[in-house]
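Listed below are the residues making up each chain.
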Amino acid sequence: MHHATGTFEVKMTPEAQGDAPADGLPTSRMGIAKTFTGGMTGTATGTMLAAGTPQPGKPAGYVAIDQFSGSVDGKAGSFLLLHRGTITKTGDADLSVIIAPDSGTGALEGITGSFTIKVTGGKHEYDLAYTLPAA
């Protein structure tokens with residue numbers, strides 16, 4: 001297992017807001033644009049669907065797909081990242097991000113793995129744990 005670590009900047013652009021039913025949570029669709037530095041160098045664009053209000057005491061959940069394009073540890077190509085996240089009423093968060101199977105291109109063909117995010121003081125850090133087929 002290899003690890004590519006670094007930081008990324010993210011810009012979210014609202015695309016649609018759903019009306020919340022009287023007994024439900026509001027929904028939204030956001031455009032995602034990310035710029036990566038470190039072991040991953042490049043950009044990602046995608047879409048996020050969310051429900052709820054990610055505030056203390058408020059439950060929320062989201063799914064997203066990002067298309068990364070650039071290089072990982074010097075190997076150029078692209079792949080998809082699949083996100084699933086939840087936040088409970090008590091503020092507990094659970095996030096899972098994986099590389100979509102068979103989505104790698106170029107020198108990243110066959111890449112598999114997972115992606116973790118840590119946000120400290122508004123700064124996004126990542127750890128891409130990945131494997132590639134033997135050359």
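From a predicted model like this one, the values you see are computed outputs, not experimental measurements. (Residues numbered from 1 in each chain as written. Predicted model: local features only at pLDDT ≥ 70, side-chain atom pairs only at ≥ 80, totals over all residues. Heavy atoms only, no water.)

Thoughts on the overall build of the chain
Helices and strands together make up the secondary structure of the chain, namely 0 helices and 8 strands. Starting at the N terminus and ending at the C terminus, the chain contains elements arranged as β-β-β-β-β-β-β-β. Taken along the three principal axes of its C-alpha coordinates, the chain extends 55 × 25 × 20 Å. The buried share among the 135 residues of the chain stands at 30%. Taking the intrachain contacts of the chain between residues at least 6 apart in sequence as the baseline, contacts between residues at least 24 apart amount to 45%. As displayed, the chain has an accessible area near 7,700 Å², and 57% of this comes from carbon and sulfur atoms. (Helix = DSSP H or I, 4+ residues; strand = E, 2+ residues; numbered from the N terminus. Buried < 20%, exposed > 50% of the residue type's maximum accessible area, 1.4 Å probe, protein only. Contact = heavy atoms within 4.5 Å. Areas by Shrake-Rupley, 256 points an atom, 1.4 Å probe, with all protein chains shown as cover.)

With respect to unusual backbone geometry
Unlike most non-glycine residues, Asp73 shows phi in positive territory, near 50 degrees. By secondary structure assignment, the location of Asp73 is in the loop between strand S4 (60-72) and strand S5 (75-87). The phi torsion at Asp102 lies on the positive side, around 60 degrees, for a residue other than glycine. Its place among the elements puts Asp102 in the loop between strand S6 (93-99) and strand S7 (112-120). On the basis of relative accessible area, Asp102 is assigned to the exposed category, the value being 77%.

Regarding the nonpolar core
By size, the foremost hydrophobic cluster in this structure holds 17 residues, and its most contacted members are Phe36, Met40, Val72, Phe79, Phe115 and Leu128. Broken down by element, this core gets its largest block of residues, 3 residues, from strand S8 (residues 123-131). In terms of nonpolar packing, the next biggest core, distinct from the first, is built from 5 residues, Ile32, Met48, Ala50 and Ala64 among them. (Core = buried A, V, L, I, M, F, W, Y, C linked by side-chain atoms within 4.5 Å.)

Comments concerning the packing of aromatic side chains
Applying the stated criterion across every chain, the model contains 8 aromatic pairs. Considering the side-chain rings of Phe36 and Phe115, the 6.2 Å spacing of their centres and the 80 degrees angle between planes classify their relative orientation as edge-to-face. With a gap of 79 residues between them, Phe36 in strand S2 (residues 27-38) and Phe115 in strand S7 connect regions that are remote in the sequence. For the pair Phe36 and Phe115, one class covers both residues: buried. Among the residues examined, Phe36 registers a relative accessible area of 2% and is labelled buried. One aromatic cluster is present, built from ring pairs that chain together Phe8, Phe36, Phe68, Phe79, Phe115 and Tyr126. (Phe/Tyr/Trp six-rings, centres within 6.5 Å; stacked < 30°, edge-to-face > 60°.)

Overview of the confidence of the model for the chain
Interpretation of the predicted coordinates at a detailed level should be avoided for regions scoring low in pLDDT. For the chain, mean pLDDT is 91; residues scoring 70 or higher make up 96% of the total. The weakest mean pLDDT in the chain belongs to strand S1 (residues 2-18) at 91; the strongest belongs to S8 at 96. (pLDDT = per-residue confidence, 0-100.)

Focus on the environment of Lys123
Among the secondary structure elements, Lys123 is positioned in strand S8. For the pair Lys123 and Thr7, spaced 116 residues apart in sequence, the C-alpha to C-alpha distance is 7.5 Å. Each residue touching Lys123, except ones within four places of it in the same chain, is listed here: Thr7 and Lys118.

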